Each structure stands twice: as structure tokens, then as C-alpha cells.
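Structural features, examined
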Amino acid sequence: MLKVQRQRGVTHREEIDFARKFMWAHMIFGAVVIAMFLFHEIFSWFAGAIFWYTLSLVVMYGFMNEHKCCRWLLALVFLGGAGAGLIFINHVFPGIKPPRGQLIPHQVVPIWVGFANLIYVIGALFLLFNSRLRRAGQVGFTLW
């Protein structure tokens, strides 16, 4: 029995390693996005980013535990975050006044939000069309 548990994902080791790196990258980059909203003192979007990040972690947990629909849901969550970023850049950001004692210049907000949008659209495409992520989700994996 212990041998079966130890050998569970050995046949898909490459896929599992890739999926782990992908999930860790999302967890780190999502935390950076949240921190950037906080540093720019855009608190309502900071709270929204925390909600989006928490939702993505819940769906990510389901994906790692072999729930087939969670791969699609995680891709939708990524695309939803990218769509919210486009709404922020086009409609919200032009009306925001920069804070006084800013840590980061206000002009870089569209750059990092646009970069985050691009990264999460690419991440959603990877989730939908990458065979390594699909196989890793089918066998299940952990982050360590």
C-alpha cells in the first residue's frame, strides 16, 4: 500500500513538476498584484484583488485534487481577473488622483496592470490547452 502511494504520480512526474511551478507562479504573482494595489492606495481594488485571489486559490485546490471542472473554472477566474484589469485601466484609472506620499510613481500603474492582464490571459490559455497541466490535474498533485 505504501509503495502504491509513493509511486502514485511517478508516471506523470514531468507534468506534475510543471503544474507545481505554474501554481507557485500564480500564488506569487497574484500576491504581488495585491501588494501593488495596496502600495498605490487603491483600496477598493485591493479588496477586490484579495477576493479574486482567494477564489482562485479555492479553485486551484480543487484542480489539484482531480476535479475536472476546476481546470476550466481556474481559467475563467484568470480571464475574469484580466477582464477586471482592462476595466480598471480603461475606466477607473483615468479618474484616480495620485496619493501624496506615493511609494511607486502613479504612471506605472497601467504598465503593471497591463502586464498582469497579459500574464493571466496566457495562464488561462495554458490551463485550457496545455496537455501537461491537463494530465497533472487528472492524476492530482500537491505543491511540494
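So, here is what we can say about the structure in this document.

What counts, and where the lines are drawn
- Residue indices follow the written sequence of each chain, beginning from 1 at its first position.
- Since the coordinates come from a predicted model, pLDDT governs what is reported: local features require at least 70, and pairs of side-chain atoms require 80 or more to be given and counted, while whole-chain, interface and lining totals use all residues.
- For the side-chain quantities, the full set of heavy atoms in the structure was used; hydrogens and water were omitted.
- In this analysis an axis means a line fitted to C-alpha atoms, helices contributing only their contacting stretch, and an angle means the value between N-to-C directions, from 0 to 180 degrees.
- The way it works is that DSSP assigns letters per residue, a run of H or I at least four long becomes a helix, a run of E at least two long becomes a strand, and they are numbered from the N terminus.
- Working definition: roughly parallel below 35 degrees, roughly antiparallel above 145 degrees, roughly perpendicular at 65 to 115 degrees, and oblique for all remaining angles.
- Crossings are sorted by hand: turned counterclockwise from the far helix by less than a right angle, the near helix makes the crossing left-handed, and turned clockwise it makes it right-handed.
- By definition in these notes, contact holds between two residues if any of their heavy atoms fall within 4.5 Å.
- Whether two aromatic rings pair depends on their centres lying within 6.5 Å, for rings of Phe, Tyr and Trp, where Trp uses its six-membered ring; planes under 30 degrees apart make the pair stacked, over 60 edge-to-face, and the rest tilted.
- Buried residues are those whose accessible area, probed at 1.4 Å on protein chains only, stays under 20% of the maximum for their type, while exposed residues exceed 50% and partly exposed ones sit between those limits.
- Think of a salt bridge as a Lys or Arg side-chain nitrogen and an Asp or Glu carboxyl oxygen that are within 4 Å of each other.

Between helix α3 (residues 43–64) and helix α4 (residues 69–92), whose axes approach to 8 Å, the crossing angle comes to 165 degrees. The angle between the axes of α3 and α4 places the two elements in the roughly antiparallel class. As α3 runs across α4, the sense of the crossing is left-handed. Of the residues in α4, those in contact with Trp-45, Trp-52, Leu-55, Ser-56, Val-59, Met-60, Gly-62 and Phe-63 of α3 are Cys-70, Arg-71, Leu-73, Leu-74, Val-77, Phe-78, Gly-81, Ala-84, Phe-88 and Val-92.

Another aspect to go through is the packing of aromatic side chains. A complete count under the given rule lists 13 aromatic pairs for this structure. An angle of 35 degrees between the planes, with centres 6.3 Å apart, marks the rings of Phe-22 and Phe-78 as tilted. One end of the pair, Phe-22, is in helix α2 (residues 13–39); the other, Phe-78, is in helix α4, and 56 residues separate them in sequence. Given the relative accessible area of 2%, Phe-78 is considered buried. Aromatic pair Phe-29 and Phe-115: ring centres 6.0 Å apart, planes at 80 degrees, arrangement edge-to-face. With a gap of 86 residues between them, Phe-29 in helix α2 and Phe-115 in helix α5 (residues 109–129) connect regions that are remote in the sequence. In this structure Phe-115 comes out as partly exposed when scored by relative accessible area, which is 45%.

Time to look at the pattern of salt bridges. When charged atoms on two side chains of opposite charge get close, those side chains can pair. According to the stated counting rule, one finds 3 salt bridges in the structure shown. Note that Arg-132 is salt-bridged to Glu-14, the shortest N-O span being 3.8 Å. One end of the pair, Arg-132, is in helix α6 (residues 131–139); the other, Glu-14, is in helix α2, and 118 residues separate them in sequence. For Asp-17, the salt bridge identified is with Arg-20, shortest N-O distance 3.7 Å. Taken as a pair, Asp-17 and Arg-20 lie in helix α2 at a separation of 3 residues, close to a single helical turn.

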